[in-house]
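# Notes for the structure review
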Amino acid sequence: MSSRVALVTGCGKRDGMGRAIALTLAASGVAVAVTDRRPGGVPNRRQEVVGTPDDGWTVESLAGEITAAGGEAASFLGDISSEEDARRVVDGAAAWRDRLDILVNVAGAPQGLDRQDIEDVPVEAFDQVIAINLRGTYLMARFAVPHMRARRWGRIVNISSQAGQVAAARSTAYAASKAGVLGFTRALSADVAAWGVTVNAVAPGMVATSRAVLSLDPDLDVDAEVKRRGERLAVGRSGYPDDIAAAVAYLVSDGAGYMTGQTLVLDGGGAAPFASRPPEKA
């Protein structure tokens with residue numbers, strides 16, 4: 001993979017999937033361009049209300065972390081829901097090493113007013129979620145595909161969600177956007193397969209990031225909540241960004257060249273209604 005160049009969106013949060021994916025790809029020798037809308041990512045509603053530690057972490061910090069470890073990295077800022085920004089970021093990443101082989105669409109809309117009963121979801125909140133999660137995925141792929149077709153090799157991985165496949169209460173906007181990503185993934189895979197470009201999706205369930213907790217309770221023990229929710233899954237724990245990164249690393253590899261238009265579900269058995277953990281050993 002040392003000759004490949006990847007662009008990973010949604011890398012502004014220290015605890016996010018974007019960072020884990022970028023670090024994993026860089027460790028395999030891929031030159032990685034990282035991007036986000038804001039240097040430190042966009043806060044969700046809980047982070048706006050409760051606040052987050054200002055530790056100075058940015059996408060530029062991530063690029064520095066990769067280069068300090070001996071890898072190659074560059075950082076870009078842009079709004080993927082904007083046609084102008086999406087084109088600029090993709091073309092900038094491609095110009096950086098004169099190629100673009102891998103695109104990983106991680107960026108997602110911040111949660112907030114969209115996570116309510118449908119009667120309480122403002123139209124503008126619905127539009128924002130669709131614009132970032134679905135339109136943004138389309139735009140980034142739209143501008144990346146020509147670079148991949150030119151070399152007759154490419155990998156596109158779209159991060160969807162378990163919510164795009166199963167019923168999820170108070171998630172109409174989010175579920176619609178993530179289900180759309182799955183349909184887009186299947187359709188795009190058919191358009192580009194003849195050029196050696198594969199397109200697959202990953203559908204995570206519960207993953208321990210700052211986006212996983214929506215409660216506005218400032219006294220909530222977030223770590224305990226994540227642990228509690230994970231214990232209800234068949235595997236007995238929540239997922240972590242590194243779990244998602246490992247799946248992405250496979251999907252962008254040469255070994256995944258026979259797989260396209262598919263979705264890898266990483267939910268710890270969470271979607272299996274009859275799954276239960278084995279009893280503890282005596």
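Use the structure listed above.
As the structure is a prediction and not an experimental result, all values here were calculated from the model.

## Considerations on the overall build of the protein chain
If you tally the helices and strands in the protein chain, you get 8 helices and 7 strands. With the C-alpha coordinates aligned to their principal axes, the bounding extent of the protein chain is approximately 50 × 40 × 40 Å. Among the 282 residues that make up the protein chain, the fraction classed as buried is 49%. Sequence separation of 24 or more characterises 77% of the internal contacts of the protein chain that already satisfy a separation of 6 or more. Surface exposure of the protein chain reaches about 13,300 Å², of which carbon and sulfur atoms provide 51%. Considering the protein chain, the positive charge centre built from 30 side chains and the negative charge centre built from 33 side chains are found 5 Å apart.

## Some points on the pattern of salt bridges
Taken as a whole and assessed by the stated rule, the structure comprises 9 salt bridges. One salt bridge in this structure joins Glu 65 and Arg 19, with 2.8 Å as the shortest N-O distance. In this pair, Glu 65 sits in helix α3 (residues 59–68) while Arg 19 sits in helix α1 (residues 17–27), placing the two residues 46 residues apart along the sequence. A salt bridge links Arg 115 to Asp 114; its shortest N-O distance comes to 3.1 Å. For the pair Arg 115 and Asp 114, a shared accessibility class is recorded, and that class is buried.

## Re the packing of helix α4 (residues 83–96) against helix α5 (residues 123–151)
Between α4 and α5, the least distance of the axes is 9 Å, while the angle of their chain directions is 40°. The angle between α4 and α5 falls in the class oblique. Between α4 and α5 the crossing geometry is right-handed. Here α4 contributes Glu 83, Ala 86, Arg 87, Val 89, Val 90, Asp 91 and Ala 94 to the contact with α5, which in turn contributes Arg 135, Leu 139, Met 140, Phe 143, Ala 144 and His 147. Among the residues making up the contact of α4 with α5, the classes are represented as 8 nonpolar, 1 polar and 4 charged.

## Observations concerning the packing of α5 against helix α6 (residues 172–192)
Put simply, α5 and α6 touch, their axes get as near as 8 Å, and they point 15° apart. Considering the angle they form, α5 stands roughly parallel to α6. The way α5 lies across α6 gives a crossing that is right-handed. Each of Phe 126, Val 129, Ile 130, Asn 133, Leu 134, Thr 137, Tyr 138, Ala 141, Val 145 and Arg 149 in α5 lies in contact with α6, whose residues at this interface are Thr 172, Ala 173, Tyr 174, Ala 176, Ser 177, Lys 178, Gly 180, Val 181, Phe 184, Leu 188, Asp 191 and Val 192. In terms of residue class, the contact of α5 with α6 is made up of 14 nonpolar, 5 polar and 3 charged.

## Structural notes on the side chain of Ser 253
Note that Ser 253 resides in the loop between α8 (241–251) and β7 (263–266). A distance of 2.6 Å separates the side chain of Ser 253 from the backbone oxygen of Tyr 250, its partner in a polar contact.

## Comments concerning the sheet that holds strand β5 (residues 154–159)
If you walk across this open sheet you meet the 7 strands as β3-β2-β1-β4-β5-β6-β7, and the pairing is parallel. At either margin of the open sheet sits one strand with a lone partner, and together these are β3 (73–77) and β7. Geometrically, the sheet is characterised by an average inter-axis angle of 15° between neighbouring strands, direction not taken into account. Two strands pair when backbone bridges link them, and strand β1 (residues 5–8) and strand β2 (residues 31–36) are joined in this way by 4 bridges, in the parallel orientation. Note that in β2 the partner of Ala 6 across the bridge is Val 32.

## A closer look at unusual backbone geometry
At Asp 98, a position not held by glycine, the phi torsion is positive, near 60°. Mapped onto the secondary structure, Asp 98 falls in the loop between α4 and β4 (102–105). For Arg 152, which is not a glycine, the phi torsion comes out positive at approximately 55°. Position of Arg 152 among the secondary structure elements: in the loop between α5 and β5. Take Arg 152: its relative accessible area is 53%, and that puts it in the exposed class.

## Structural notes on the environment of Val 248
Within the element layout of this structure, Val 248 appears in helix α8. On a C-alpha basis, the gap between Val 248 and Ile 21 in space is 7.1 Å, while along the polypeptide they are 227 residues apart.

## What about the packing of aromatic side chains?
The final tally for this structure, using the stated rule, is 1 aromatic pair. Judged by centre distance (6.3 Å) and plane angle (80°), the ring pair of Tyr 138 and Phe 184 falls under edge-to-face. On the criterion of sequence distance, the pair formed by Tyr 138 in helix α5 and Phe 184 in helix α6 is long-range, its members being 46 residues apart. Since its relative accessible area comes to 39%, Tyr 138 is described here as partly exposed. Under the relative-accessibility criterion, Phe 184 is labelled buried at 19%. We note Arg 115 situated over the ring of Tyr 174; from NZ or CZ to the ring centre the distance is 4.1 Å. Residue placement shows Arg 149 over the ring face of Trp 195; its charged tip is 4.1 Å from the ring centre.

Calculation notes
Residues numbered from 1 in each chain as written. Predicted model: local features only at pLDDT ≥ 70, side-chain atom pairs only at ≥ 80, totals over all residues. Heavy atoms only, no water. Helix = DSSP H or I, 4+ residues; strand = E, 2+ residues; numbered from the N terminus. Buried < 20%, exposed > 50% of the residue type's maximum accessible area, 1.4 Å probe, protein only. Contact = heavy atoms within 4.5 Å. Areas by Shrake-Rupley, 256 points an atom, 1.4 Å probe, with all protein chains shown as cover. Lys, Arg positive; Asp, Glu negative; His and termini not counted. Charge placed at Lys NZ, Arg CZ, Asp CG, Glu CD. Salt bridge = Lys/Arg side-chain N within 4 Å of Asp/Glu carboxyl O. Axes fitted to C-alpha atoms, helices over the stretch in contact; angles between N-to-C directions. Parallel < 35°, antiparallel > 145°, perpendicular 65-115°, else oblique. Left-handed = near helix turned anticlockwise from the far one by under 90°. Nonpolar A, V, L, I, M, F, W, Y, C, P; charged D, E, K, R; others polar. Polar contact = N/O pair within 3.5 Å; in protein donor to acceptor, adjacent residues only side chain to side chain. Pairing = 2+ DSSP bridges. Phe/Tyr/Trp six-rings, centres within 6.5 Å; stacked < 30°, edge-to-face > 60°. Lys NZ or Arg CZ within 6 Å of the ring centre and 35° of its normal.

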